[in-house]
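The chain contents come next:
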Amino acid sequence: MQPNNLKNISIITLSIFFYIGITPIFGQKANDLKNQSYKAYLTNSLSVWKVVEQNAEKQYNASSNNMQGLLNLAKVQYGLLNTCLANEEKKIFKKYLEKAEKNVETLLEANERWAEVHALRAALYSLEMGFSPSKGMFLGPKSEEHIEKAIKYDENEPAGWVQKGGSKLHTPKAFGGSISESIKCYQKAIELYEKDTAHAHNNWQYINTIAWLGIAYSKDEAYDKAKSTFQKALEIEPEYGWIKHVLMKNLEKQMEE
């Protein structure tokens, strides 16, 4: 995967222009990390993500040898890192990247065939390239290797298809990029997310994938499909600021040209 414009893309991805009250996050009796992560994603707030990360770490530490708990922690750290990249918080990014990488390596040592963890490892490489594009030649192939392993070990895990979609979308055509292939990968991921309603509900990675499918359609100049895809995301989350205030407006301008 080439890192061209990855940082700018990530910044746009997470630049959401509305704020949801933080109180419900802290007021939840049970530490529902999935719902908390969803709220944190929508607020695009590092302070919120840090609290969710602390909750995830407490849950993991409360149970010894809990690999699922460690995965949950690593996924929260991934969300936090996205926001660090969006806000250009390089020092904080470095701190949490080291923690996330260590946790991912522990998970792969426990189960080398864990598809979701390979997808997460690929995602961390992509974020690192976002902050340091010069590392692209070295980290790009590593990211691709983990994407392929994620799909090989479990083709029904959506995270692998999401990462492959991003790789195909952001990589120049001369180096293997393909918008049409990206669309297929995002469609596959969304289909897999939607097989389980509970899996898709309040899942920031699911709704984020819908947004990226719309972006891929717009890049392919399939504007009607892009619009209907964005509208689908807004039906799920009516105040999804990135789509509501950025992507839909950009699409309208493209359609007028």
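Rules behind the numbers
Residues numbered from 1 in each chain as written. Predicted model: local features only at pLDDT ≥ 70, side-chain atom pairs only at ≥ 80, totals over all residues. Heavy atoms only, no water. Helix = DSSP H or I, 4+ residues; strand = E, 2+ residues; numbered from the N terminus. Buried < 20%, exposed > 50% of the residue type's maximum accessible area, 1.4 Å probe, protein only. Contact = heavy atoms within 4.5 Å. Areas by Shrake-Rupley, 256 points an atom, 1.4 Å probe, with all protein chains shown as cover. Expected span 1.5 Å × (residues − 1). Bend = angle between axes of the 7 residues up to and from the residue. Salt bridge = Lys/Arg side-chain N within 4 Å of Asp/Glu carboxyl O. Phe/Tyr/Trp six-rings, centres within 6.5 Å; stacked < 30°, edge-to-face > 60°. Lys NZ or Arg CZ within 6 Å of the ring centre and 35° of its normal. Axes fitted to C-alpha atoms, helices over the stretch in contact; angles between N-to-C directions. Parallel < 35°, antiparallel > 145°, perpendicular 65-115°, else oblique. Nonpolar A, V, L, I, M, F, W, Y, C, P; charged D, E, K, R; others polar. Core = buried A, V, L, I, M, F, W, Y, C linked by side-chain atoms within 4.5 Å. Left-handed = near helix turned anticlockwise from the far one by under 90°.

Asker: Go over the overall build of the protein chain with me, naming the residues and quoting the values.
Answerer: When helices and strands are counted, the protein chain shows 14 helices and 0 strands. The order of helices and strands in the protein chain, counted from the N terminus, is α-α-α-α-α-α-α-α-α-α-α-α-α-α. Per-residue burial over the protein chain gives 55% buried out of 257 residues. Within the protein chain, contacts between residues separated by at least 24 positions form 65% of all contacts whose residues are at least 6 apart in sequence. In the form shown here, the protein chain has an accessible surface area of approximately 12,300 Å², with 48% of it arising from carbon and sulfur atoms.

Asker: Let's hear about helix H14 (residues 241-256): which residues, and what values?
Answerer: Relative to the 22 Å expected for 16 residues at 1.5 Å per residue, H14 spans 22 Å between its end C-alpha atoms, a close match to the ideal helical length. Of all the bends found along H14, the most pronounced is centred on Leu247 and spans about 30 degrees. When we look at burial in H14, the residues that qualify are Gly241, Trp242, Ile243, Val246, Leu247, Met248 and Leu251.

Asker: Explain the pattern of salt bridges to me, and be specific about the residues and the numbers.
Answerer: As enumerated under the stated definition, the model contains 10 salt bridges in all. The salt bridge partner of Lys99 is Glu53, with a shortest N-O separation of 3.0 Å. With Lys99 in helix H6 (residues 90-110) and Glu53 in helix H4 (residues 46-61), the pair connects residues that are 46 residues apart, well separated along the chain. Classification of Glu53 as buried rests on a relative accessible area of 2%. The partner of Glu145 in a salt bridge is Lys149, with the nearest N and O atoms 3.5 Å apart.

Asker: Explain the packing of aromatic side chains to me, using residue names and the numbers behind them.
Answerer: Here the structure, examined in full by the defined rule, presents 8 aromatic pairs. Each ring, one from Trp49 and one from Trp204, has its centre 6.3 Å from the other, and the planes form 75 degrees; the classification is edge-to-face. With Trp49 in helix H4 and Trp204 in helix H12 (residues 204-219), the pair connects residues that are 155 residues apart, well separated along the chain. In textbook terms, an aromatic cluster arises when at least three aromatic residues are bridged by ring pairs, as seen for Tyr41, Trp49, Tyr78, Trp204, Trp212, Tyr240 and Trp242. Taking NZ or CZ as reference, Arg121 lies 3.8 Å from the ring centre of Tyr125, over its face.

Asker: Account for the environment of Leu192, naming residues and giving values.
Answerer: Here Leu192 lies in helix H10 (residues 179-193). By relative accessible area, Leu192 is classed as buried at 7%. Sequence separation between Leu192 and Ala159 is 33 residues, and the spatial gap between their C-alpha atoms is 9.5 Å. Apart from the residues lying within four places of it in its own chain, the contact partners of Leu192 are Glu155, Asn156, Glu157, Pro158 and Trp161.

Asker: Could you give me a rundown of H10, with the residues and numbers involved?
Answerer: Relative to the 21 Å expected for 15 residues at 1.5 Å per residue, H10 spans 21 Å between its end C-alpha atoms, a close match to the ideal helical length. Within the span of H10, buried status applies to Ser182, Ile183, Cys185, Tyr186, Ala189, Ile190, Leu192 and Tyr193.

Asker: Before we move on, can you summarise the packing of helix H3 (residues 33-43) against H12 with the specific residues and values?
Answerer: In contact at an axis separation of 9 Å, H3 and H12 are set at 40 degrees when each is read in the N-to-C sense. With respect to H12, the axis of H3 lies oblique. Across the interface between the two elements, Ser37, Tyr38 and Tyr41 of H3 pack against Trp204, Ile207 and Asn208 of H12. By residue class, the composition of the contact of H3 with H12 is 4 nonpolar, 2 polar and no charged.

Asker: Break down the nonpolar core for me, with residues and values.
Answerer: Judged by nonpolar contacts, the single largest core of 72 residues is most densely connected at Tyr240, Trp242 and Ile243. For this core, the leading source of residues is helix H5 (residues 67-87), giving 11 residues.

Asker: Talk me through the packing of helix H7 (residues 115-131) against helix H8 (residues 136-153); I want residue IDs and the actual numbers.
Answerer: Where H7 meets H8, the closest approach of the two axes is 8 Å, and the angle between their N-to-C directions is 160 degrees. With respect to H8, the element H7 is oriented roughly antiparallel. The chirality of how H7 crosses H8 is left-handed. The residues of H8 that touch H7, namely those facing Ala115, His118, Ala119, Arg121, Ala122, Tyr125, Ser126, Glu128 and Met129, are Gly136, Leu139, Gly140, Lys142, Ser143, His146, Ile147, Lys149, Ala150 and Tyr153. Within the contact of H7 with H8, the residues separate by chemical class into 9 nonpolar, 6 polar and 4 charged.

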